[in-house]
Amino acid sequence: MQNNSDRSQVIIIGAGIGGIATAARLARHGCRVTVLEKCEKPGGRCGRMTVDGYTFDTGATLFMLPELYAQTFAALGERMQDHLDLRRIDPTYHLTFPDDSQLQLTSDLQQMRARLEAIEPGSFERMLHYLGEAGRIHDLAMPKMLGRDFRSLPEFINPRMLQVFLQVKALTRHTSYIRRFFKDARLQMAFTFQDMYMGLSPYESPATYSLMQYTELADGLWYPMGGMYRVTEVLTSIAEKLGVRFVYNAPVEKILVEATRKNARATGVQLADDQVLPAGTVVADADLGYVYRHLLPDAVAADRIDRKEYGCSTIMFYWGLDKQYPQLGPHNLFLCGDYRQSFEDIFKRTSMPDEPNFYIHAPVRLDPSMAPAGYDTWYVAVPVGHINNKISQDWPSIQAHARAFILQRLARLGLTDVEAHIRTEVSYLPQDWQNRYNLPLGSTHGLSHKLTQMAYLRPHNRHSRYHNLYFVGASTHPGTGVPTVLISAGLAAKRILEDAGASK
Ligand SMILES: Cc1cc2nc3c(=O)[nH]c(=O)nc-3n(C[C@H](O)[C@H](O)[C@H](O)COP(=O)(O)OP(=O)(O)OC[C@H]3O[C@@H](n4cnc5c(N)ncnc54)[C@H](O)[C@@H]3O)c2cc1C
């Protein structure tokens, strides 16, 4: 039995990236940590599936912001390069526009000049200006907004922060901002579509997220050999080496709390098989809205989270093909139909556009181990609205429409035989994301990253009442994406260690 008043006895709910990284950081500082995971293996949204010899990353595929990964390794006393075999991807993206014209984004400035000038004379210099500004936004936003642990309202709302908001263009819409640099609609798309990685429409998102285009071209887009799941594997094995105990197939059913007039605290967790595990500190990596609704007793607080806005979901097709398609790069984005309308359909109608945008990750050209020899592995993602219980959403027919549309679109581009070469197929709908990882509304990126849900206004990394209950992961500050979730793990671990020190 644990002594549950000892804060160094930690239980973490969920072995997603947030849970694993928090566990490893705490274990390195001497805490005894157990991670309870409902699935049979770690990773959550940074997961992997192997079927018929094809290996698929199931969620994250883009390794961006390498310095944030490196910081996590360093905090664990390790060097990233000793664990991950990273290969730089260039061109970063193969883009196909609605009119079937194509553009490959690259860090090679000579090539980029030729490609951009062919689309819009003068646009190369303006791209340099745009990226220069985005770099400045990146350098400011990282320490002052994303990496900062806002603990009180005055820390967030004050003249100095207002200055930062203006400097990082937090009050300017990304699509309005991009029009200052490019007239051609294709270039406007090429430098805003990445907002979808935050589960956001570029018509709603602040221009702050231009930092993503900067980091992709300046710091690079990378591929860890073995796929993004290598990040999960490596961090899990470092955590185990530091003494963390992982228990799989262990869904937590309740966070146990006690409250007196003087003191309110979490005392441990109860598993689905009724087993009670006491703890001095509880960390929830399971998505925040789910934790409030299903694991904690306070329905009013859960309602408050439910009223917040969630990001979009995705329909996934994981295709194992018995042929290779050299026409594709590692990351391919197909923009289709009307750009603005496509985001209205996803975010306002919570549905899917008639002509949906889609993304294909085809890792075999970087890493032949991802498919049997001579074959191809495709991860096809179609952004769609999240589950909306107020309207009728016929997901099987939306899924069938998406599949047919993708095959037709590829055929129009000359890939006419794809369907005949699909040997293996697995598909996820928003409900699968919800059921598999307990993601509210099947939202793949959790709570939206709109301005009113960022920084101090995003749920914090510590519960406001139970001061030994902490939150990490995509729906907490600072937000979604593997590197961003690694920041949340760093902030939560720091707070836990500070609080433990203070309570001694
Ligand atoms: C389709 C898709 C594409 C993405 N692409 C990228 C990308 O290219 N690059 C990038 O950086 N990021 C990407 N992301 C985002 C990134 O994967 C996530 O932000 C990150 O992995 C989330 O980690 P997490 O720890 O917050 O949550 P999760 O990964 O959701 O982990 C939470 C864990 O808690 C477990 N759990 C839930 N309830 C319980 C319970 N009751 N008891 C025990 N365990 C429980 C879940 O099973 C899960 O393993 C993508 C995400 C998706 C879904």
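See the structure above.
Presented here is a report on the structure given in the accompanying data block. (Residues numbered from 1 in each chain as written. Predicted model: local features only at pLDDT ≥ 70, side-chain atom pairs only at ≥ 80, totals over all residues. Heavy atoms only, no water.)

Helices and strands together make up the secondary structure of the protein, namely 16 helices and 19 strands. On C-alpha atoms alone, the protein measures out to a radius of gyration of 22 Å, which is about the 23 Å that the 2.2 N^0.38 rule sets for 504 residues. Viewed in the frame of its principal axes, the protein has a C-alpha envelope of about 70 × 55 × 50 Å. Across the 504 residues in the protein, those meeting the buried criterion constitute 61%. The long-range share in the protein, meaning contacts at least 24 apart out of those at least 6 apart in sequence, stands at 72%. Placing the 54 positive and 52 negative side-chain charges of the protein at their respective mean positions leaves the two points 8 Å apart. (Helix = DSSP H or I, 4+ residues; strand = E, 2+ residues; numbered from the N terminus. Rg over C-alpha atoms; globule rule 2.2 N^0.38 Å. Buried < 20%, exposed > 50% of the residue type's maximum accessible area, 1.4 Å probe, protein only. Contact = heavy atoms within 4.5 Å. Lys, Arg positive; Asp, Glu negative; His and termini not counted. Charge placed at Lys NZ, Arg CZ, Asp CG, Glu CD.)

With 18 residues, helix α14 (residues 395–412) should cover 26 Å at 1.5 Å per step; its first-to-last C-alpha distance of 25 Å lies within 8% of that length. Looking one or two residues beyond α14, the residue adopting positive phi is G414, at roughly 100 degrees. (Expected span 1.5 Å × (residues − 1).)

Okay, the nonpolar core next. By size, the foremost hydrophobic cluster in this structure holds 78 residues, and its most contacted members are L95, L103 and F191. With nine residues, the top contributor of residues to this core is helix α4 (residues 123–146). (Core = buried A, V, L, I, M, F, W, Y, C linked by side-chain atoms within 4.5 Å.)

On to the sheet that holds strand β9 (residues 245–247), then. Strand order in the open sheet formed by five strands is β9-β2-β1-β13-β19, and the pairing between neighbours is parallel. Of all the strands in the sheet, just β9 and β19 (469–471) have a single pairing partner and so form its edges. Across the sheet, the axes of successive neighbouring strands diverge by a mean angle of 20 degrees, strand direction being ignored. Where helix α16 (residues 482–503) meets the sheet, its contacts fall on β13 (281–284) and β19, and the angle it forms with β19 comes to roughly 165 degrees. (Pairing = 2+ DSSP bridges. Axes fitted to C-alpha atoms, helices over the stretch in contact; angles between N-to-C directions.)

Together, L162, L166, L171 and L451 line one region of the surface with nonpolar side chains, adding up to about 360 Å² of accessible area. Residue placement: L171 occurs in the loop between α6 (159–167) and α7 (174–178). Residue L171 is classed as exposed on the basis of its relative accessible area of 51%. (Patch = residues over 30% accessible without salt bridge, like charges linked within 9 Å, V, L, I, M, F, W, Y side chains within 5 Å. Areas by Shrake-Rupley, 256 points an atom, 1.4 Å probe, with all protein chains shown as cover. Salt bridge = Lys/Arg side-chain N within 4 Å of Asp/Glu carboxyl O.)

What follows deals with the layout of surface pockets. In this structure, the largest pocket encloses a volume near 540 Å³. Every residue lining the largest pocket is counted, 23 residues in all, and those nearest its centre are Y292, H460, R462, H463 and S464. Considering every element that reaches the lining of the largest pocket, the biggest residue donor is helix α12 (residues 299–306), with three residues. Grouping the amino acids of the lining of the largest pocket by side-chain chemistry returns 11 nonpolar, four polar and eight charged. (1 Å grid on protein atoms, 1.4 Å probe; cavity = no way out; pocket = protein on both sides within 12 Å on 5 of 7 lines; lining within 4 Å. Points joined across faces, edges and corners; volume = space filled by probe spheres on them. Nonpolar A, V, L, I, M, F, W, Y, C, P; charged D, E, K, R; others polar.)

Now for the packing of aromatic side chains. Applying the stated criterion to the full structure yields 30 aromatic pairs. Aromatic side chains Y130 and F181 sit 5.1 Å apart centroid to centroid with 65 degrees between the ring planes, which places their arrangement in the edge-to-face category. In this pair, Y130 sits in helix α4 while F181 sits in the loop between α7 and α8 (185–190), placing the two residues 51 residues apart along the sequence. One exposure class covers both Y130 and F181, and it is buried. Joined through ring pairs, the aromatic side chains of Y54, F56, Y318, Y359, Y375, Y379, Y428, W433 and Y437 make up one cluster. (Phe/Tyr/Trp six-rings, centres within 6.5 Å; stacked < 30°, edge-to-face > 60°.)

What is shown is where atoms sit, not what they do.
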